[in-house]
Amino acid sequence: MNQYPLLRNASLAFPFVLIWTSAFPAAKIGLIDSPPLLFLTLRFLVAGALMLAWAHWRGTLRKLTLQELGVLSALGLLNHALYLGLSWTGMGSLSSGLSTILISANPIVVAVLSSFLLREPLTRQKVLGLALGFLGVAFIVRNRIGSTTDSLEGFLLVLAALLTLAFGTVLYKKWPVRTDIVTGTGFQIILSGLLLLPVALFMEDWSAIVWTPSFAGAFAWLVLVVSITGYQLWFNLLERGSASAASVWFFLTPPLGLLAGAWLLNEPLNWIDFIGIVPVVLGIVLVTRAR
């Protein structure tokens, strides 16, 4: 019987969720001065190169086999290029509330996929925890669902982003590459940038990027803090426990996202919404302590 060590892994989970949440306001700031796909491509190439240089400095960088490169390319495509490319593009024509609801279903999709692909048991306790977490998120963002800007295209793009991230999470556990996390993550990110580059060049124009101080600051934050630090925490969290127990921490991103939006972007905040944090926390406890 394996128990997911809730308190021990909270030391990884809380910093990860804070960093992950910070990516949304940073992206909003950066996208004012850059098209989304070129922004992501530059972010991936720079972050991946820095991580591989770090792995070389640590002495852990090694030559990978073609099979390992193929696996890391697939993981990079799902976890980075497709997930962020689809979600950033889709959010342009979807309300923040509906986007949040869709992405917050990630732990549920991961739990279902894990039951089939990883043989992780989908117990009644885990199902109850996932339901509580999702209902808590729905309550928190209920006033932000629905907008005249909502479109079917945006909905389908963000839904596809949700599925790619869930598959990427599960396949990371199913197809382990025997290398350290810095090297593996560095290859994932730089390969995702190379895969996204031709698409970005075809659909967008380099001249549309305006290197303002706000864009440079958002770019630096997304590279150094989110891509390098955040993904280190995330993949360490995945290494420590089951895919469903790790992904359930995503339920914390909506309440923290509202706080970040109010602080950094002066978005309106209704403190009544935060009643939903109670079922969210209960859901996390139930899922992470499930057998």
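Details of the structure are given in the entry above.
All values derive from a computational prediction rather than experimental measurement.

Focus: the overall build of the protein
Within the protein, the secondary structure is distributed over 12 helices and 0 strands. Counting from the amino terminus, the protein carries its helices and strands in the arrangement α-α-α-α-α-α-α-α-α-α-α-α. In terms of overall dimensions, the protein has C-alpha extents of about 50 × 45 × 30 Å along its principal axes. Expressed as a percentage of the 291 residues in the protein, the buried residues total 53%. In the protein, of all internal contacts separated by at least 6 residues, the share reaching a separation of at least 24 is 91%. Entry remark: accessible area of the protein is about 13,200 Å², with carbon and sulfur atoms responsible for 71%.

Describing the packing of helix α2 (residues 36–58) against helix α3 (residues 66–90)
Between α2 and α3, the least distance of the axes is 9 Å, while the angle of their chain directions is 150°. One way to sum up the angle between α2 and α3 is to call them roughly antiparallel. With respect to the hand of their crossing, α2 and α3 are arranged in right-handed fashion. Here P36, L37, F39, L40, R43 and F44 of α2 lie close against α3, whose contacting residues are H80, A81, L84, G85, W88 and T89. In terms of residue class, the contact of α2 with α3 is built from 8 nonpolar, 3 polar and 1 charged.

Remarks on the nonpolar core
Within the largest apolar cluster, 88 residues are counted, with the highest numbers of intra-cluster contacts made by W234 and W249. Considering every element that reaches this core, the biggest residue donor is helix α9 (residues 213–240), with 13 residues.

Remarks on the packing of aromatic side chains
Applying the stated criterion across every chain, the model contains 16 aromatic pairs. When the centroid spacing of 5.4 Å and the interplanar angle of 65° are considered together, the rings of F39 and W88 count as edge-to-face. Of this pair, F39 sits in helix α2 while W88 sits in helix α3, and the two are 49 residues apart along the sequence. Of the two residues examined, F39 and W88, each falls in the buried class. Members of the aromatic cluster, connected to one another through ring pairs, are F16, W20, Y83, Y172, Y231, W234, F235 and F250.

So, helix α5 (residues 106–117)
The end-to-end C-alpha distance of α5 is 16 Å, a good match for the 16 Å that 12 residues give at a rise of 1.5 Å each. Listing the buried residues of α5 in full gives N106, P107, V109, V110, A111, L113, S114 and S115. Once α5 finishes, R119 follows within two positions and takes phi at roughly 60°, a positive value.

A few points about α9
Quick reminder: α-helices carry 3.6 residues per turn. Residues three or four places apart thus point the same way. Taking 1.5 Å of rise per residue, the 28 residues of α9 would be expected to cover 40 Å, and the 39 Å separating its terminal C-alpha atoms lies within 8% of that figure. Maximum bend of α9: about 30°, positioned at L222.

Structural notes on the packing of α2 against helix α8 (residues 181–203)
Following both chains from N to C, one finds α2 and α8 inclined at 155°, their axes separated by 7 Å at the closest point. Relative to α8, α2 is oriented roughly antiparallel. Seen from above, α2 lies across α8 with left-handed handedness. Grouping the amino acids of the contact of α2 with α8 by side-chain chemistry returns 22 nonpolar, 7 polar and 1 charged.

Some words on the environment of L75
One can find L75 in helix α3. Judged by its relative accessible area of 1%, L75 is buried. Between the C-alpha atoms of L75 and V280, which are 205 residues apart in sequence, the distance is 28 Å. With sequence-adjacent residues up to four places away left out, L75 is seen in contact with H80, G168, L171, Y172 and Q188.

Some points on the pattern of salt bridges
Per the counting criterion, the structure on display carries 2 salt bridges. A salt bridge links R58 to D180, with the shortest nitrogen-to-oxygen separation between them at 3.1 Å. Of this pair, R58 sits in helix α2 while D180 is found in the loop between α7 (152–174) and α8, placing the two residues 122 residues apart along the sequence. Put simply, E68 and R62 hold a salt bridge, and the shortest N to O gap is 2.9 Å. The class of E68 is buried, set by a relative accessible area of 15%. Since its relative accessible area comes to 32%, R62 is described here as partly exposed.

A look at a nonpolar patch on the surface
A cluster of nonpolar side chains, contributed by V112, F116, L117, L122, V127, L163 and F167, occupies part of the molecular surface with about 580 Å² of accessible area. Elements with a minimum of two residues in the nonpolar patch: α5 and α7. At 3 residues, the largest contribution of residues to the nonpolar patch is made by α5. Checked against the element boundaries, F167 lands in helix α7.

Conventions adopted
Residues numbered from 1 in each chain as written. Predicted model: local features only at pLDDT ≥ 70, side-chain atom pairs only at ≥ 80, totals over all residues. Heavy atoms only, no water. Helix = DSSP H or I, 4+ residues; strand = E, 2+ residues; numbered from the N terminus. Buried < 20%, exposed > 50% of the residue type's maximum accessible area, 1.4 Å probe, protein only. Contact = heavy atoms within 4.5 Å. Areas by Shrake-Rupley, 256 points an atom, 1.4 Å probe, with all protein chains shown as cover. Axes fitted to C-alpha atoms, helices over the stretch in contact; angles between N-to-C directions. Parallel < 35°, antiparallel > 145°, perpendicular 65-115°, else oblique. Left-handed = near helix turned anticlockwise from the far one by under 90°. Nonpolar A, V, L, I, M, F, W, Y, C, P; charged D, E, K, R; others polar. Core = buried A, V, L, I, M, F, W, Y, C linked by side-chain atoms within 4.5 Å. Phe/Tyr/Trp six-rings, centres within 6.5 Å; stacked < 30°, edge-to-face > 60°. Expected span 1.5 Å × (residues − 1). Bend = angle between axes of the 7 residues up to and from the residue. Salt bridge = Lys/Arg side-chain N within 4 Å of Asp/Glu carboxyl O. Patch = residues over 30% accessible without salt bridge, like charges linked within 9 Å, V, L, I, M, F, W, Y side chains within 5 Å.

These values are about where atoms sit, not about what they do.
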